[in-house]
Amino acid sequence: MGAVWRTSVMALSRCDDTDDAWLDSHRAPLIGFVLPLVNGDLQAAEDVVQETMLRGWQHSTELEPERAKSWLHAVARNIAISAYHRRRRSRPREVPLDENTLPHTDDGVDRISDAWLLGTALNSLRPAHRAVITELFYHRKTVAEAAALLGIPEGTVRSRCFYALRALRAALEKQGVTRP
């Protein structure tokens, strides 16, 4: 990495690397500083450090070697943060989908089918049981309200509900909707 950086900088500057040798001494510590900022990705850390060193070289006439460390660290931190934001805005990496986890689309056919199966099972109940189920579950009446509406005691409503649900389950099992 250092040789690549030095070669590219020398190609840009068309000069030898003795003038800015102090800059290269900051490369290894910068990689150690940047690694945690890029989640341990060595390639990303080297890219950030290379960009930092290029900017350091561009400002080498303004930088004093004894103050360069803090300036280079600040530049490296800013470049790492900018690279993170660029990666975040770019297209997210693709993850293969498991066909079994695809969401189930509701086209209404399932609801119609369920309503038909339940209607058939309800029609197989005795009228007194069907009336209790209808009042309690479809009209959302309380036991007391259903008893008053049907003109029967609350205990009878509870008893008919118990036996109606049992019969309803048996009818649905016959249709293959539920397991015994």
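Note that the structure is predicted; figures quoted are calculated from it, not measured. Every residue gets a number counted from 1 within its own chain, in the order that chain's sequence is written. Given that the model is predicted, a residue must reach a pLDDT of at least 70 before its local features are reported, and side-chain atom pairs must reach 80 or more before they are shown or counted; all residues, however, enter totals for whole chains, interfaces and linings. With hydrogens and water stripped out, all remaining heavy atoms of the structure feed into the side-chain values.

Enquirer: I'd like to hear about the overall build of the protein chain, residue by residue, with values.
Expert: Helix and strand counts for the protein chain stand at nine helices and zero strands. Starting at the N terminus, the α and β elements of the protein chain follow one another as α-α-α-α-α-α-α-α-α. Exposure categories follow from relative accessible area, calculated using a 1.4 Å probe and restricted to protein chains: below 20% of the type maximum is buried, above 50% is exposed, and the middle band is partly exposed. When the 180 residues of the protein chain are sorted by exposure, 27% land in the buried category. Whether two residues touch is decided by their heavy atoms; if any such pair falls within 4.5 Å, the residues are in contact. Sequence-distant contacts, at least 24 apart, represent 54% of the contacts inside the protein chain between residues at least 6 apart. Summing over all exposed atoms, the protein chain offers an accessible surface of approximately 12,800 Å²; the carbon and sulfur share of this is 55%. The secondary structure listing takes helices from DSSP runs of H or I that are at least 4 residues long and strands from runs of E that are at least 2 residues long, numbered from the N terminus. Every accessible area reported is derived by Shrake-Rupley at a probe size of 1.4 Å, with residue values counting cover from the shown protein chains alone.

Enquirer: Explain the nonpolar core to me, and be specific about the residues and the numbers.
Expert: Remark: nonpolar core denotes a set of buried residues (Ala, Val, Leu, Ile, Met, Phe, Trp, Tyr, Cys) joined through side-chain atoms within 4.5 Å. Grouped together as the largest cluster of nonpolar side chains are 16 residues, with contacts concentrated most on Leu30, Val34, Val38, Val48, Val49 and Ala76. Looking at which element gives the most residues to this core, the answer is helix 5 (residues 68-89), with six residues. When residues no more than four places from it in sequence are discounted, the contact partners of valine 34 are Ala45, Val48, Val49 and Ala76.

Enquirer: I'd like to hear about the packing of helix 7 (residues 127-138) against helix 9 (residues 154-174), residue by residue, with values.
Expert: Relative to each other, helix 7 and helix 9 sit at 100°, their axes nearing to 9 Å. One element, helix 7, and the other, helix 9, form an angle in the roughly perpendicular class. Taken together, the residues of helix 9 that come into contact with helix 7 (itself represented by Ala128, His129, Val132, Ile133, Leu136 and Phe137) are Val157, Arg160, Cys161, Tyr163, Ala164 and Leu165. For the contact of helix 7 with helix 9, a count of residues per class yields ten nonpolar, one polar and one charged. Between N-to-C directions, angles cover 0 to 180 degrees, with each direction set by a line fitted to C-alpha atoms, over the stretch in contact for helices. By definition in this entry, angles of less than 35 degrees are roughly parallel, angles greater than 145 are roughly antiparallel, angles of 65 to 115 are roughly perpendicular, and the rest are oblique. As a working rule, the residues Ala, Val, Leu, Ile, Met, Phe, Trp, Tyr, Cys and Pro are called nonpolar, Asp, Glu, Lys and Arg charged, and the rest polar, with Gly in that last group.

Enquirer: Run through unusual backbone geometry, naming residues and quoting values.
Expert: Positive phi, normally seen in glycine, also occurs at asparagine 39, with a value near 55°. Within the secondary structure layout, asparagine 39 lies in the loop between helix 3 (27-34) and helix 4 (42-58). We classify asparagine 39 as exposed; its relative accessible area is 73%. Positive phi, normally seen in glycine, also occurs at arginine 140, with a value near 55°. Mapped onto the fold, arginine 140 is located in the loop between helix 7 and helix 8 (143-150).

Enquirer: For the environment of lysine 174, give the residues involved together with the corresponding values.
Expert: Residue placement: lysine 174 occurs in helix 9. C-alpha of lysine 174 to C-alpha of alanine 121: the two residues are 53 residues apart in sequence and 9.2 Å apart in space.

Enquirer: For the pattern of salt bridges, give the residues involved together with the corresponding values.
Expert: Only one rule defines a salt bridge in this text: a Lys or Arg side-chain nitrogen within 4 Å of an Asp or Glu carboxyl oxygen. Here the structure, examined in full by the defined rule, presents three salt bridges. Glutamate 154 is paired through a salt bridge with arginine 158; the nearest N and O atoms lie 3.8 Å apart. Within this pair, glutamate 154 and its partner arginine 158 are both found in helix 9, separated by four residues, close to a single helical turn. Under the relative-accessibility criterion, glutamate 154 is labelled partly exposed at 37%.

Enquirer: Could you give an account of helix 4, with specific residues and numbers?
Expert: Side chains that are three or four residues apart share a direction in an α-helix, a result of its 3.6 residues per turn. Working rule for helices: expected span equals 1.5 Å times residues minus one. Here helix 4 spans 24 Å end to end across 17 residues, near enough to the 24 Å set by a 1.5 Å rise per residue. Those residues of helix 4 lying buried are Ala44, Ala45, Glu46, Val48, Val49, Thr52, Met53, Gly56 and Trp57. Here a polar contact is taken to be a pair of N or O atoms separated by no more than 3.5 Å, where protein atoms must pair a possible hydrogen donor with a possible acceptor and residues adjacent in sequence count only if both atoms sit in side chains. The backbone nitrogen of glutamine 43 has a side-chain oxygen 3.2 Å away, supplied by the residue at the start of helix 4, namely aspartate 41.

Enquirer: Describe the packing of aromatic side chains, listing the residues and the values that go with them.
Expert: Here a pair means two rings of Phe, Tyr or Trp (six-membered ring of Trp) with centres within 6.5 Å. Their orientation is stacked below 30 degrees between planes, edge-to-face above 60, and tilted elsewhere. In the structure shown here, the tally under the stated rule is one aromatic pair. Centroid distance phenylalanine 162 to tyrosine 163: 5.0 Å. Interplanar angle 80°. Geometry classified as edge-to-face. According to the relative accessible area criterion, phenylalanine 162 is partly exposed, its value standing at 48%. Overall, tyrosine 163 belongs to the partly exposed group, its relative accessible area being 42%.

Enquirer: For a positive patch on the surface, give the residues involved together with the corresponding values.
Expert: Patch membership requires more than 30% relative accessible area and the absence of a salt bridge. Residues of like charge join within 9 Å; the nonpolar side chains Val, Leu, Ile, Met, Phe, Trp and Tyr join within 5 Å. We treat Lys and Arg as the positive residues and Asp and Glu as the negative residues; His and chain ends play no part in the count. Taken as the charge location is NZ of Lys, CZ of Arg, CG of Asp or CD of Glu. On the surface, a cluster of positive charge is made up of Arg86, Arg87, Arg88 and Arg89. Relative to the helices and strands, arginine 88 resides in helix 5.

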